[in-house]
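Each chain, letter by letter, is given below.
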Number of protein chains: 2
Amino acid sequence: MTDPSQDIRWMRRALRLATLSLGRTWPNPGVGCVIVRDGRLLGEGRHAVFGQAHAEVNALSQCQALGNDTAGATAYVTLAPCTRHGKQPPCTTALIAAGIARVVAAVSDPNQDDPAIPLAEASITYDEGCLALAAAQIHGGFLSRVGLGRPRLTGKWAMTLDGCIATHTGDSTWISSTAALNFSRRRRRVFDAIMVGAGTAYHDDPSLLSSLVGERTPVRVVISRNAELRENSMLVATRAKAAVLMIHGPEAPAGNRAALASHGIDLWEVAKPHDPVAVAAALGRYGLNEVLVEGGAQIHGAYLRAGLYDRLELYVGAQTVGGGIGVAAGIGAELMNDARHWQHEDRPLVLGDTICLRLRRPPVLAPGEEPVVVEDD
Amino acid sequence: MTDPSQDIRWMRRALRLATLSLGRTWPNPGVGCVIVRDGRLLGEGRHAVFGQAHAEVNALSQCQALGNDTAGATAYVTLAPCTRHGKQPPCTTALIAAGIARVVAAVSDPNQDDPAIPLAEASITYDEGCLALAAAQIHGGFLSRVGLGRPRLTGKWAMTLDGCIATHTGDSTWISSTAALNFSRRRRRVFDAIMVGAGTAYHDDPSLLSSLVGERTPVRVVISRNAELRENSMLVATRAKAAVLMIHGPEAPAGNRAALASHGIDLWEVAKPHDPVAVAAALGRYGLNEVLVEGGAQIHGAYLRAGLYDRLELYVGAQTVGGGIGVAAGIGAELMNDARHWQHEDRPLVLGDTICLRLRRPPVLAPGEEPVVVEDD
């Protein structure tokens, strides 16, 4: 009855829907769902806004709106359907009620019970693992928070050809081409939050806004032990456009806290704000799945050494400064063999005269499995 | 009579011949020549080995060997034919004697007189400028030495994703993938010389040999004020495979000089070996056209700040060290706006998990001329 190539075809469509929800549904995963019978699409949907209907329910609603009977149909979902009552009733119940005959999920949801049990009771076939790697990548932030208690962290920097993120005076405007700046500002949309250190917030005074401001734009996060952020900073000035979260230590003066609170800045006290592990756990408790860390050198050094970056997004500009501030402050690996290795997610992207590289932590290979290598030569 | 598209077609073939001579003919340029009549190739040749026949003479010899009469033919040469007696008689004389009707040259040779005069006296049409930019690139080393008194210098380094050429202990084995190491060792062949600083020669103990050892392999150049190079170093041990040139200062102890001379190392005294301009001029006086500078950080910093690199060849490995030795030691530009800008020669090359970037000094644009931009997005 089941055809693997058809499963892959429809799951790919569900995954594309899921990517549209990146950055919009935290702490929930932005699941995608496609409902199909006899090779024909009956309806599709995604979890588009936190607190509102889940992907399965949206897809079933579309089937109904289009007058498509769902009895005997197959539902493709990028993450196993929920089994428990949350803000919404469990999706397994909705799928059963709609007469679905088969459910195909890409990856399991560690936050839920196994849906195979209630589905089997309703005589629904349940298959899991179709395009599991791709789904684990798209829902990687959610799976990290649920599994490790912290968001997936992506380290991002723009550097010169001689490996500097700023001149020796701290100037970094601009390393990337206009095309690369525009691309990286659009990219912010797919993250739940953008984080910088106090030094970068002070020196660069960035707004950290995505160029596409939608119903849910990334939270701007600043780490500052003393909760220091100028009241006339761009982050405070643009508070109305997106939330700002200040992660600070217990020693932060009450005056600083009160001033920021008066501007609507969220305050989040962490015992050790200089400890990347403690900060990552705090971001997880806040509910963030995908966090982009934009530096500066102190942050990059500490997070790289702590092994907390899961992904990297690099922009290599077309200039040399002849010596300036490096990417990672501090002292790292003793030997090159001890350096952390990364895997390219894709080919280098050419954006004007800037080259964008995107990498991830290499997957743990099964015994005898060979890594995939992309090569020109 | 003349067809620009035919001129471009045959000149392109002559330029391809010229690229085969890169690294083989210094201090001469490795010129290519193609002889054509009525759209038919009669013969071709290149200046293949220093001291032996020039491209035009080799091409005419091939015509003769193939029984092809050259009367009324067109000769395409990548550099204007020589007019003066050197190690070889002037090529203009050979072209006239062969009854050539038209000579097309890509770029002029600042070392020679204008060939248009003797050619016109023999009623030969002379056209210059076909594919001039490409020829100026291929013969760029020779044109730099003749015009500026120094070789074209290409800075080369391999760096980690966090912009380090070594760990804080100085270890750099290996940043590049096997595919990239093999590629970069093959690439050495097209340079007349490979240069490193004394620190790199000491710490890395490289052989600096090309993986393709031919009749003329690159000279290995070391800059060391005191002429310090261990007698048990790889460079000394491999002396039989390729020449080694030691650039040192006047203060170099006689003992060091004598020891190196006894191993067949060439010694070249420079008043200020720490001054990149002085070293570049010395390399030019030695007759080198194309020099690859492989570091380390002191050299890269000094040469980048002095504006002496004409090209860059970068290898970005797929690892992070979390803080180590940067590309350029010392203090460079104050502001990012003052950084030196580069132009990509080509798209990034993917070599295993290493990305190779090749850039050059941007050309000076004519008024109103727009730079060429390669873009994905």
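Residues numbered from 1 in each chain as written. Chains lettered and ligands numbered in written order. Predicted model: local features only at pLDDT ≥ 70, side-chain atom pairs only at ≥ 80, totals over all residues. Heavy atoms only, no water.

A short note on the overall build of chain A
Looking only at helices and strands, chain A has twelve helices and 19 strands in total. On the principal axes, the C-alpha backbone points of chain A span a range of 65 × 60 × 35 Å. Long-range pairs, those at least 24 residues apart, make up 71% of the contacts in chain A with a sequence separation of at least 6. Accessible surface computed for chain A: about 15,700 Å², of which carbon and sulfur atoms make up 52%. (Helix = DSSP H or I, 4+ residues; strand = E, 2+ residues; numbered from the N terminus. Contact = heavy atoms within 4.5 Å. Areas by Shrake-Rupley, 256 points an atom, 1.4 Å probe, with all protein chains shown as cover.)

Focus on the pattern of salt bridges
Evaluation of the coordinates by the stated rule reveals 28 salt bridges over all chains. Look at the salt bridges and you will find they share partners, linking Arg187, Arg311, Glu313 and Glu345 of chain A into a network. (Salt bridge = Lys/Arg side-chain N within 4 Å of Asp/Glu carboxyl O.)

Focus on the nonpolar core
Counting 79 residues, the largest nonpolar core has Tyr309 of chain A together with Tyr309 of chain B as the members making the most contacts within it. At six residues, the largest contribution of residues to this core is made by helix H11 (residues 276-286) of chain A. Leaving out residues up to four positions away in the same chain, Tyr309 of chain A has contacts with Leu153, Thr154, Gly155, Trp157, Val293, Ile299, His300, Tyr303, Leu304, Trp342 and Arg361 of chain A. (Core = buried A, V, L, I, M, F, W, Y, C linked by side-chain atoms within 4.5 Å. Buried < 20%, exposed > 50% of the residue type's maximum accessible area, 1.4 Å probe, protein only.)

A few points about the side chain of Thr70 of chain A
Relative to the helices and strands, Thr70 of chain A is located in the loop between helix H2 (55-65) and strand E3 (74-79). Sequence-distant contacts of Thr70 of chain A, that is, excluding residues within four places in its chain, are made with Ile35, Arg37, Leu42, Leu60, Cys63, Ala98, Gly99 and Ile100 of chain A.

Quick look at the pairing of strand E8 (residues 193-197) of chain B
All names here are of chain B. Judged by how many residues are buried, E8 sits mostly within the fold: five of five residues are covered. Bridge count between E8 and strand E9 (residues 219-223): five bridges; the pairing is parallel. By the bridge assignment, Ala193 is partnered in E9 with Val219. Judged from the three bridges that link them, E8 and strand E12 (residues 290-293) form a sheet pairing that is parallel. Paired with Met195 across the strands is Val293, a residue of E12. (Pairing = 2+ DSSP bridges.)

Describing the interface of chain A and chain B
Contact with chain A, which involves 61 residues of that partner, is made by 61 residues of chain B. Buried area between chain A and chain B, summed over both chains or domains, comes out near 4,500 Å², and the portion from carbon and sulfur atoms is 62%. Connecting chain A to chain B are zero salt bridges. On the surface where chain A and chain B come into contact, there are 26 residue pairs in polar contact (both at pLDDT 80 or more). Sorting the residues of the side of chain A that touches chain B by element identifies strand E6 (152-159), helix H7 (178-187), helix H12 (297-305), strand E13 (311-316), strand E14 (319-320), strand E16 (340-341), strand E18 (349-351) and strand E19 (354-360) of chain A as the ones contributing at least two each. Residue classes in the side of chain A that touches chain B are distributed as 32 nonpolar, 18 polar and eleven charged. Bridge analysis of E16 of chain A against strand E14 (residues 319-320) of chain B gives two bridges, and the strand direction is antiparallel. Across the sheet, the residue bridging to Arg340 of chain A is Thr320 of chain B, located in E14 of chain B. (Buried area = accessible area lost by both parts, 1.4 Å probe. Polar contact = N/O pair within 3.5 Å; in protein donor to acceptor, adjacent residues only side chain to side chain. Nonpolar A, V, L, I, M, F, W, Y, C, P; charged D, E, K, R; others polar.)

Some words on the packing of aromatic side chains
Residues and elements named next belong to chain B. The final tally for this structure, using the stated rule, is seven aromatic pairs over all chains. Plain terms: the ring middles of Trp26 and Tyr286 are 6.0 Å apart, the flat faces sit at 25° to each other, and that makes the pair stacked. Of this pair, Trp26 sits in the loop between helix H1 (4-20) and strand E1 (32-37) while Tyr286 sits in helix H11 (residues 276-286), and the two are 260 residues apart along the sequence. Like Trp26, the residue Tyr286 is buried in the burial classification. (Phe/Tyr/Trp six-rings, centres within 6.5 Å; stacked < 30°, edge-to-face > 60°.)

Points about the pairing of strand E5 (residues 125-128) of chain A
All names here are of chain A. Pairing of strand E4 (residues 102-107) with E5, which is carried by four bridges, proceeds in the parallel orientation. Bridge pairing in E5 places Val103 opposite Tyr126. With helix H4 (residues 116-121) bridging E4 and the parallel E5, this β-α-β connection has right-handed handedness. (Right-handed = clockwise from strand over helix to strand, strands pointing away.)

Focus on the state of the cysteines
Evaluation of the coordinates by the stated rule reveals zero disulfides over all chains. Not engaged in a disulfide, the cysteine Cys82 of chain A finds its nearest cysteine sulfur in Cys91 of chain A; these two sulfurs lie 3.6 Å apart. (Disulfide = S-S within 2.5 Å.)

Considering unusual backbone geometry
The omega angle of the peptide bond from Trp26 of chain A to Pro27 of chain A is 5°, so this bond is cis rather than trans. You can see Pro27 of chain A is positioned in the loop between helix H1 (4-20) and strand E1 (32-37). Cis geometry marks the peptide bond from Thr173 of chain B to Trp174 of chain B, where omega comes out at -15°. Mapped onto the elements of the fold, Trp174 of chain B is located in the loop between strand E7 (164-166) and helix H7 (178-187). Even without a glycine there, the phi angle at Leu131 of chain A is positive, about 55°. With respect to the helices and strands, the residue Leu131 of chain A is situated in the loop between E5 and helix H5 (132-138). Accessibility expressed as a relative area gives 23% for Leu131 of chain A, which makes it partly exposed. Of note in this structure, Ala227 of chain B is not a glycine but carries a positive phi near 55°.

Some points on the sheet that holds strand E5 (residues 125-128) of chain B
All names here are of chain B. In space, the five strands of this open sheet follow the order E2-E1-E3-E4-E5, with mixed pairing throughout. Here the strands that pair on one side only, and so sit at the sheet edges, are strand E2 (40-46) and E5. Looking at each pair of strands side by side, their axes are set apart by 15° on average, direction ignored. Its contacts with the sheet place helix H2 (residues 55-65) against E1, E2 and strand E3 (74-79), and it is angled at close to 135° to E2. (Axes fitted to C-alpha atoms, helices over the stretch in contact; angles between N-to-C directions.)

Examining the relation of the copies chain A and chain B
When chain A is fitted onto chain B, the two copies agree to an RMSD of 0.1 Å after a turn of 180° and an axial shift of 0.1 Å. These values place the two chain copies in the arrangement generated by a two-fold rotation axis. Taking C-alpha positions as reference, the residue of chain A nearest the rotation axis is Gly163 of chain A, located at 2.0 Å. In this assembly the copies share their binding face: 100% of the residues contributing to the interface of chain A also contribute to that of chain B. (Least-squares fit on C-alpha atoms with pLDDT ≥ 70 in both.)

Overview of the environment of Glu228 of chain B
Residues and elements named next belong to chain B. Tracing the sequence through the fold places Glu228 in the loop between E9 and helix H9 (234-237). Sequence separation between Glu228 and Ala198 is 30 residues, and the spatial gap between their C-alpha atoms is 7.2 Å. Ignoring any residue separated from it by four or fewer positions in sequence, one finds Glu228 in contact with Met246 and Asn256.

Overview of the domain arrangement of chain A
All names here are of chain A. Here chain A is described as being made up of domain 1 (4-143) and domain 2 (150-360). For domain 1 versus domain 2, the distance between C-alpha centres works out to 33 Å. Across the domain 1 to domain 2 interface the summed buried area is about 1,500 Å²; carbon plus sulfur atoms make up 42%. Its largest share of buried area at the contact with domain 2, domain 1 owes to Arg24, Trp26 and Gln137, together 52% of the area lost on that side. The interface formed by domain 1 and domain 2 contains zero salt bridges. Counting across the domain 1 and domain 2 interface gives six residue pairs in polar contact (both at pLDDT 80 or more). For the side of domain 1 that touches domain 2, the elements supplying multiple residues, two or more each, are H5 and helix H6 (140-148). (Domains from an automatic or database assignment.)

A few points about the side chain of Thr74 of chain A
Tracing the sequence through the fold places Thr74 of chain A in strand E3. In this structure, Thr74 of chain A is in contact with Val34, Ile35, Val36, Arg102 and Val104 of chain A, ignoring residues within four places of it in sequence.

Remarks on the sheet that holds E3 of chain A
All names here are of chain A. Read from one edge to the other, the open sheet built from five strands follows the order E2-E1-E3-E4-E5, with strand pairing classed as mixed. Each edge of the sheet is formed by a strand with only one pairing partner; in this case those strands are strand E2 (40-46) and E5. Between one strand axis and the next, the sheet turns through 15° on average, direction left out of account. Pairing analysis gives six bridges linking E1 to E2, with the strands arranged antiparallel. Among the inter-strand pairings, Gly32 is bridged to a residue of E2, identified as Arg46. In this fold H2 packs onto E1, E2 and E3, with an angle of close to 135° to the strand it touches most, E2.

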